[in-house]
Amino acid sequence: MARSGRSIGVRGTIGVGDSEVTLALEGTFDSLDLRRIHKAAPPTALSGSWTTDLRVPHGSAGAATGTARVDSLTGDVAGVPLGAGTIPIRFEQDRVSVEAARVAFTGGALTINGGLGRGGRDATMDLIVRSDTLGYVEPLLRWMRRETGDTSSVGLDGAGRIEARLSGTTDAWTIDAELSVDGVSVAGSTNRAVRGRGRLAGGGHGYAVAAQLSAEQVTIAGLNYAPLELNFNGPLDSLTVRATAGFMAGSSARAQVTVRGDSAVRLVQVDSLEWKLPVRTWTLARSGMVRIAGDAITFDTLELHEHAGVGFVRAQGTLPLRGGVADFVLAADSLPMTDIYTLAQREASGIRGAINGAARIAGPVETPSMEARIALSDGGFTDYRLPLVQILARYTDQRLTLKGGLWQGETQFVTINGSLPFDLALRPVAHRQLPGPISIVAKADSLDLEVLAPPTDLVTNLPGRMGLDVRIGGTWRDSRLSGFVDLVGGAMTIPALGARYTRIDARLELADSTVRVVRGRLHGGNG
């Protein structure tokens, strides 16, 4: 028989007796695609020869016995080229065995020895997959990811080995396996020195897993975690996952979740969560649920509290992934800047202050509206102390408006207002900055310069007062600067020069890309 360049050749005899049918057949196959036989199989193009010598009893008199064999197996599996392969199979009343099967592929090989029990009797089968160059089997891993709906890039590096033992019967079985891979990149992450051990059990009641997986280092979105450990336990339709990870400054994260559902709707119950950070340790206030369905992810109030009860972080609502409507709120109180920097894995030495605020996203993916309120209190860097910083932001109709400034006590001494054309759609877009007018205005009538002392020891002791009216207009492509900066009664010390300058009086006027000094005067002397 042949179809679309694929063929299976058959010759031999079929004998029909009173109690059994005998199959003494041999033949060849060319460009055989196993996916046409079973939809769960990978796409293949296999060629080789085969033989059978089987005795099949009539009705339910017993199981088929005899032998089957595949020789000179070549071709590819999901794009992985195969070398010569041989698969001998023996069917006995109490077991199905594979004797010294070996399938080579570029850079490695699969070997199988042993069997599975029949008629309620147990047996064992050993499988070993070895690859000296994992890059050659990347196409198979890509196919496996695509079958789960993940089209992200996949990469393998170095050498790898999987050893597995299949035990039990054809009706109820377990697989015990060990995994060792030098490096793997998948779903945007890079993983080094991956090790795993686990058990998968199958039978009439579905599948269950108990496994441990670790990596010396994992990089996700530029963030490094070392080490990472994962534990999986339970049936696949209600799987418990425990995770621990370490990262910079001795910080760590721990979580336990239970995953239920299928590829259409997945429910993730967050049972516990802890972030141990330099300033505070944050723990889950109570169990929460995350629902991932179709184009949206919904948070059923996930809230982290600081151990001493000083602050919180709360997420609630729906965020669309590709389409749909958003209704999501994120709020935080007394969140230390040092902890934020550490989570982002940025150097936090000398950083001070705490963030309070809330943000809401609502509306369709293409045209959402957003509101945010953010305040930084007691901020600072090394010896530099920031005043209170507050920003209110609103986004609607592809325009972001800003209002805020700097406060000292109850007095606002710098005001900032802005209006900017943006496309903040909740999906990738060609350009976030849009055509249209931009406007940013910063004003101060009589600003004490000591409040804005720069975070450096190159210039110190900065008394004096400053007035400013600085404006940015035009468009993103043709922005224009205007306004002025007035400095009266200023002074400064430059320690490196041992110099002190006093009675600084200056006015700068801004126009387009030009800064013009209208007046400027200072008195110098030894510091």
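Residues numbered from 1 in each chain as written. Predicted model: local features only at pLDDT ≥ 70, side-chain atom pairs only at ≥ 80, totals over all residues. Heavy atoms only, no water.

### Some words on the overall build of the protein chain
Step number 1: When helices and strands are tallied, the protein chain shows 2 helices and 34 strands.
Step number 2: The globule rule puts the C-alpha radius of gyration for 527 residues at 24 Å, and the 34 Å found for the protein chain is more than 25% above it.
Step number 3: Across its three principal axes, the protein chain shows a C-alpha extent of roughly 115 × 50 × 50 Å.
Step number 4: Counting every position in the protein chain, which comprises 527 residues, the buried fraction comes to 35%.
Step number 5: Element-wise, carbon and sulfur atoms account for 56% of the exposed surface of the protein chain, whose accessible area totals about 29200 Å².
Step number 6: In the protein chain, 54 side chains carry a positive charge and 54 a negative one; their mean positions are 4 Å apart. (Helix = DSSP H or I, 4+ residues; strand = E, 2+ residues; numbered from the N terminus. Rg over C-alpha atoms; globule rule 2.2 N^0.38 Å. Buried < 20%, exposed > 50% of the residue type's maximum accessible area, 1.4 Å probe, protein only. Areas by Shrake-Rupley, 256 points an atom, 1.4 Å probe, with all protein chains shown as cover. Lys, Arg positive; Asp, Glu negative; His and termini not counted. Charge placed at Lys NZ, Arg CZ, Asp CG, Glu CD.)

### Overview of the pairing of strand β9 (residues 123-131)
Step number 1: Both strand β8 (residues 108-117) and β9 contribute to a ladder of 7 bridges, which runs antiparallel. Bridge pairing in β9 links Thr111 to Ile128.
Step number 2: Adjacent in sequence and paired antiparallel, β8 and β9 are bridged by 5 residues, among which Gly119 carries a positive phi angle near 65°.
Step number 3: Here 9 bridges tie β9 to strand β10 (residues 154-168), and the two strands are oriented antiparallel to one another. By the bridge assignment, Met125 is partnered in β10 with Leu166. (Pairing = 2+ DSSP bridges.)

### Structural notes on the environment of Leu179
Step number 1: Within the secondary structure layout, Leu179 lies in strand β11 (residues 173-186).
Step number 2: Relative accessible area serves as the criterion here: at 28%, Leu179 is assigned to the partly exposed category.
Step number 3: Sequence separation of Leu179 and Gly160 is 19 residues, and the distance between their C-alpha atoms is 7.7 Å.
Step number 4: Once residues lying within four places of it in the same chain are set aside, the contact partners of Leu179 are Arg161, Ile162, Val194, Arg195, Gly196 and Leu213. (Contact = heavy atoms within 4.5 Å.)

### Overview of helix α1 (residues 138-147)
Step number 1: Of the residues making up α1, those classed as buried are Glu138, Pro139 and Trp143. Each buried residue of α1 sits inside an arc of 140° when the element is viewed along its axis, so together they form one side.
Step number 2: In this structure, the buried residues of α1 make contact with β6 (80-91) and β10. (Arc of directions from axis to C-beta.)

### Details of the pattern of salt bridges
Step number 1: All chains considered together, the criterion is met by 25 salt bridges.
Step number 2: Residues Glu163 and Arg161 are paired through a salt bridge, measuring 2.7 Å at the closest nitrogen-oxygen approach.
Step number 3: A residue is classified by how much of its surface remains accessible, and Glu163, at 35% relative accessible area, is partly exposed.
Step number 4: Asp486 is the salt-bridge partner of Arg519, the closest N and O atoms lying 3.4 Å from each other. Taken as a pair, Arg519 in strand β34 (residues 514-526) and Asp486 in strand β32 (residues 479-494) lie far apart in primary sequence, 33 residues in all.
Step number 5: Put simply, Asp486, Asp505, Arg507, Glu509, Arg516, Arg519 and Arg521 are held in one network by salt bridges that share partners. (Salt bridge = Lys/Arg side-chain N within 4 Å of Asp/Glu carboxyl O.)

### Things to note about the layout of surface pockets
Rolling a probe over the atoms, with the probe sized like a water molecule, indicates the empty space that remains.
Step number 1: Empty space within the second largest pocket amounts to approximately 370 Å³.
Step number 2: Those elements giving two or more residues to the lining of the second largest pocket turn out to be β18 (265-276), β23 (325-336), α2 (337-343), β24 (351-364) and β25 (369-381).
Step number 3: A breakdown of the residues in the lining of the second largest pocket according to their chemical character gives 16 nonpolar, 2 polar and 1 charged. (1 Å grid on protein atoms, 1.4 Å probe; cavity = no way out; pocket = protein on both sides within 12 Å on 5 of 7 lines; lining within 4 Å. Points joined across faces, edges and corners; volume = space filled by probe spheres on them. Nonpolar A, V, L, I, M, F, W, Y, C, P; charged D, E, K, R; others polar.)

### What to know about unusual backbone geometry
Step number 1: With an omega dihedral of -10°, the bond running from Ala226 to Pro227 counts as a cis peptide bond.
Step number 2: Within the secondary structure layout, Pro227 lies in the loop between β14 (223-225) and β15 (228-235).
Step number 3: Even without glycine at this site, Ala249 takes up a positive phi of about 60°.
Step number 4: Note that Ala249 resides in the loop between β16 (238-247) and β17 (251-261).

### Digging into the packing of aromatic side chains
Step number 1: Across all of its chains, the model carries 5 aromatic pairs by this definition.
Step number 2: Residues Trp173 and Tyr207 carry aromatic rings whose centres are separated by 5.9 Å and whose planes lie at 55° to one another, so their mutual orientation is tilted. Placement of the pair is Trp173 in strand β11 and Tyr207 in strand β13 (residues 206-220), with a sequence separation of 34 residues.
Step number 3: Both rings, one in Phe247 and one in Trp275, keep their centres 6.0 Å apart while their planes meet at 70°; by these two values the pair is edge-to-face. Pair noted here: Phe247 is in strand β16 and Trp275 is in strand β18, with a separation of 28 residues, a long-range link. (Phe/Tyr/Trp six-rings, centres within 6.5 Å; stacked < 30°, edge-to-face > 60°.)

### Structural notes on the pairing of strand β33 (residues 499-511)
Step number 1: Pairing of β32 with β33, which is carried by 10 bridges, proceeds in the antiparallel orientation. Note that in β33 the partner of Ile494 across the bridge is Ala499.
Step number 2: Between the antiparallel neighbours β32 and β33 lie 4 residues, among them Gly498 with a positive phi of about 65°.

### Focus on the side chain of Arg118
Step number 1: By the element assignment, Arg118 lies in the loop between β8 and β9.
Step number 2: The buried charged residue Arg118 lacks any salt bridge, with Asp94 as its nearest oppositely charged partner at 7.6 Å.
Step number 3: Looking at Arg118, its side chain comes within polar contact range of the main-chain oxygen of Glu92, at 2.8 Å.
Step number 4: Arg118 has contacts with Ala63, Ala64, Phe91, Glu92, Gln93, Asp94, Arg95 and Val96, leaving out every residue within four places of it along the chain. (Polar contact = N/O pair within 3.5 Å; in protein donor to acceptor, adjacent residues only side chain to side chain.)

### Observations regarding the confidence of the model for the protein chain
Step number 1: Of all residues in the protein chain, 94% have pLDDT values of 70 or greater, and the mean over the chain is 88.
Step number 2: Counted against residues more than four places away or in other chains, residues 1-5, with its pLDDT under 50, gives 7 contacts. (pLDDT = per-residue confidence, 0-100.)

### Notes on the side chain of Ser334
Step number 1: With respect to the helices and strands, the residue Ser334 is situated in strand β23.
Step number 2: Assessed through its relative accessible area of 16%, Ser334 is described here as buried.
Step number 3: At a separation of 3.2 Å, a polar atom in the side chain of Ser334 contacts the side chain of Asp333.
Step number 4: Each residue touching Ser334, except ones within four places of it in the same chain, is listed here: Arg280, Trp282, Val310, Gly311, Ala354, Ile355 and Asn356.

### Concerning the environment of Asp448
Step number 1: Within the secondary structure, Asp448 sits in strand β30 (residues 439-448).
Step number 2: Residue Asp448 is classed as partly exposed on the basis of its relative accessible area, which comes to 25%.
Step number 3: As for Asp448 and Arg465, which are separated by 17 residues in sequence, their C-alpha atoms are 4.7 Å apart.
Step number 4: Other than its neighbours up to four places away in sequence, Asp448 contacts Gly464 and Arg465.

### Digging into the environment of Ala245
Step number 1: Looking at where Ala245 falls in the secondary structure, it is placed in strand β16.
Step number 2: Separated by 92 residues in the primary sequence, Ala245 and Met337 place their C-alpha atoms 21 Å from one another.

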